[in-house]
Amino acid sequence: MAYEKGTELPPLQVHVTRDQLVRYAGASLDFNPIHWNERFAKEVGLPDVIAHGMLTMALGGRLVTDWLGDPGKLVEYSVRFTRPVVVSPEGADVEFTGKVAEVREDGTARVDITAKFDGKTVLGKAQAVVR
């Protein structure tokens with residue numbers, strides 16, 4: 001695949017549920033109660049339980065690997081966690097978009113990723129390098 005600056009990746013809409021948070025906690029061994037216990041989350045000042053940051057990051061990575069068709073072409077990926085995804089009993093909708101921001105001489109390209117929940121960005125400086 002030849003990369004072209006400005007190419008937009010197909011958007012990815014993900015509905016995150018509390019069930020998924022519990023399953024992710026088991027898979028990641030991150031059992032922090034802010035991710036599954038509504039009472040505890042509210043006691044520590046959160047509006048409700050929140051998605052694991054690493055789950056949100058992984059979903060952003062999925063945007064890129066779905067586009068690539070081969071996860072092995074993703075060579076680098078980093079994000080900053082800027083805002084939590086609050087998961088109500090009804091769930092939370094997160095929208096991921098991406099664009100090729102730079103094509104490099106070595107054949108790699110940088111993809112800038114945007115993740116939004118409730119109209120606000122939840123990942124900062126989310127970037128992937130693809131080959």
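Anything mentioned here points back to the structure above.
Since the structure is predicted, the reported quantities are computational estimates derived from the model, not experimental observations. (Residues numbered from 1 in each chain as written. Predicted model: local features only at pLDDT ≥ 70, side-chain atom pairs only at ≥ 80, totals over all residues. Heavy atoms only, no water.)

Draft legend 1. The environment of serine 78, seen in detail. Positionally, serine 78 belongs in strand β2 (residues 74-81). The sequence separation of serine 78 and isoleucine 113 amounts to 35 residues, and the corresponding C-alpha distance is 10.0 Å. Non-local contacts of serine 78, meaning those with residues more than four positions away in its chain, are made with Met57, Lys125, Ala126 and Gln127. (Helix = DSSP H or I, 4+ residues; strand = E, 2+ residues; numbered from the N terminus. Contact = heavy atoms within 4.5 Å.)

Draft legend 2. Spatial organisation of the pattern of salt bridges. Throughout the structure, instances matching the rule amount to nine salt bridges. Its salt-bridge partner being glutamate 38, residue arginine 18 comes within 3.0 Å of it at the nearest N-O pair. Taken as a pair, arginine 18 in helix α1 (residues 18-28) and glutamate 38 in helix α2 (residues 38-43) lie far apart in primary sequence, 20 residues in all. Residue glutamate 38 is classed as partly exposed on the basis of its relative accessible area, which comes to 29%. Glutamate 38 is the partner of lysine 42 in a salt bridge, and the nearest nitrogen-oxygen pair spans 3.0 Å. Placement of the pair is lysine 42 and glutamate 38 together in helix α2, with a separation of four residues, close to one helical turn. Judged by relative accessible area, which is 43%, lysine 42 ranks as partly exposed. The network of salt bridges with shared partners includes Arg18, Glu38, Lys42 and Asp48. (Salt bridge = Lys/Arg side-chain N within 4 Å of Asp/Glu carboxyl O. Buried < 20%, exposed > 50% of the residue type's maximum accessible area, 1.4 Å probe, protein only.)

Draft legend 3. Seen up close, the packing of aromatic side chains. Enumeration according to the criterion identifies one aromatic pair in this entry. Taking the centre distance of 5.8 Å and the plane angle of 45° together, the rings of tyrosine 3 and tryptophan 67 count as tilted. One end of the pair, tyrosine 3, is in the segment before β1 (12-16); the other, tryptophan 67, is in helix α3 (residues 53-68), and 64 residues separate them in sequence. Take tyrosine 3 and tryptophan 67: they sit in the same class, and that class is buried. (Phe/Tyr/Trp six-rings, centres within 6.5 Å; stacked < 30°, edge-to-face > 60°.)

Draft legend 4. Looking closely at unusual backbone geometry. Backbone geometry places aspartate 118, a non-glycine residue, at a positive phi of 55°. Note that aspartate 118 resides in the loop between β4 (109-117) and β5 (120-121). Positive phi, close to 45°, is recorded for lysine 125, a residue that is not glycine. By the secondary structure assignment, lysine 125 is in strand β6 (residues 123-130).

Draft legend 5. Quick peek at α3. Between its terminal C-alpha atoms α3 stretches 23 Å, which fits the 22 Å expected from 16 residues at 1.5 Å a residue. Here the buried face of α3 lies against β1, α1, β2, β3 (92-103), β4 and β6. Immediately downstream of α3, the backbone of glycine 69 shows phi near 80°, a positive value. (Expected span 1.5 Å × (residues − 1).)

Draft legend 6. Expanded view of the pairing of β3. Sheet analysis places β1 next to β3, joined by five bridges and oriented antiparallel. Of the residues in β3, the one forming a bridge with valine 16 is alanine 92. Bridge count between β3 and β4: nine bridges; the pairing is antiparallel. Each bridged residue has a counterpart across the sheet, and for lysine 99 the counterpart in β4 is aspartate 112. Taking the residues that link successive antiparallel strands as the turn, the β3-β4 hairpin has five residues, and the phi of glycine 107 there is positive, at about 90°. (Pairing = 2+ DSSP bridges.)

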